[in-house]
Amino acid sequence: MKIVRVQDIIGTEREVTGPGWTSRRMLLKKDGMGFSFHETIIPAGAELNLWYKHHLEAVYCVAGNGKILDKATGETHEITDGTLYALDKHDQHTLYGGTEDMRLICAFNPPVTGREVHDEDGAYLPDTSED
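This is a predicted model, so every value here is computed, not measured.

Caption draft 1: Seen up close, the nonpolar core. Formed by 20 residues in total, the largest nonpolar core has its most connected members in Ile42, Ile79, Tyr85, Leu95, Met102 and Leu104. Looking at this core, the elements that each hand over two or more residues are strand E4 (47-51), strand E5 (56-63), strand E8 (84-87) and strand E10 (102-109). The element that contributes the greatest number of residues to this core is E10, accounting for 4 residues.

Rendered as structure tokens:
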């Protein structure tokens, strides 16, 4: 059994930041669960162009607000506490922070290794390491 407390991750190598986001990686590939699990903070007013072409992601908002633009359809969806979105087709999207910071709970498949940051397309590179 694994017990992970987000307050124990803050300030460690499992807290990764980039322009417009902070990700606290609670479960990683090395934890052997088959997915990774993160708490991600998107600051108010942020704008992130993302495309997880090597990963599927499910995201559940537990605080704050924002919007997501589906670049394939042009549709924009509001995100508030209690909203889940799933990028089930490696969807290109733009994530917008709203009037307050968004706190998101994210699951990635395949799992990330821990230090990934977005490339020029907004993607994480695939993990090529052996299990």
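Caption draft 2: Highlighting the layout of surface pockets. A volume near 170 Å³ is recorded for the largest pocket. Ile68, His77, Tyr85, Ala86 and Leu87 are, among the 14 residues lining the largest pocket, the residues nearest its centre. Those elements that provide at least two residues to the lining of the largest pocket are strand E6 (65-70), strand E7 (76-80) and E8. Here the element with the most residues in the lining of the largest pocket is E8; it accounts for 4 residues. When the residues that make up the lining of the largest pocket are grouped by side-chain class, the tally is 7 nonpolar, 3 polar and 4 charged.

Caption draft 3: Molecular detail of the sheet that holds strand E9 (residues 92-97). On the basis of which strands lie adjacent, the open sheet formed by 4 strands has the order E4-E9-E6-E7 and antiparallel pairing. If you trace the sheet from one side to the other, it starts and ends with E4 and E7, each paired once. Across this sheet, the average inter-strand angle for adjacent strands is 25°, counted without regard to direction. As paired strands, E6 and E7 are joined by 5 bridges and run antiparallel to one another. Counted as the bridge partner of Asn65 is Thr80 from E7.

Caption draft 4: Molecular detail of the environment of Leu50. Relative to the helices and strands, Leu50 is located in strand E4. You can call Leu50 buried: its relative accessible area is 6%. Counting along the chain gives 21 residues from Leu50 to Lys71, while the straight-line C-alpha distance between them is 9.9 Å.

The rules behind the values
Residues numbered from 1 in each chain as written. Predicted model: local features only at pLDDT ≥ 70, side-chain atom pairs only at ≥ 80, totals over all residues. Heavy atoms only, no water. Core = buried A, V, L, I, M, F, W, Y, C linked by side-chain atoms within 4.5 Å. Buried < 20%, exposed > 50% of the residue type's maximum accessible area, 1.4 Å probe, protein only. Helix = DSSP H or I, 4+ residues; strand = E, 2+ residues; numbered from the N terminus. 1 Å grid on protein atoms, 1.4 Å probe; cavity = no way out; pocket = protein on both sides within 12 Å on 5 of 7 lines; lining within 4 Å. Points joined across faces, edges and corners; volume = space filled by probe spheres on them. Nonpolar A, V, L, I, M, F, W, Y, C, P; charged D, E, K, R; others polar. Pairing = 2+ DSSP bridges. Axes fitted to C-alpha atoms, helices over the stretch in contact; angles between N-to-C directions.

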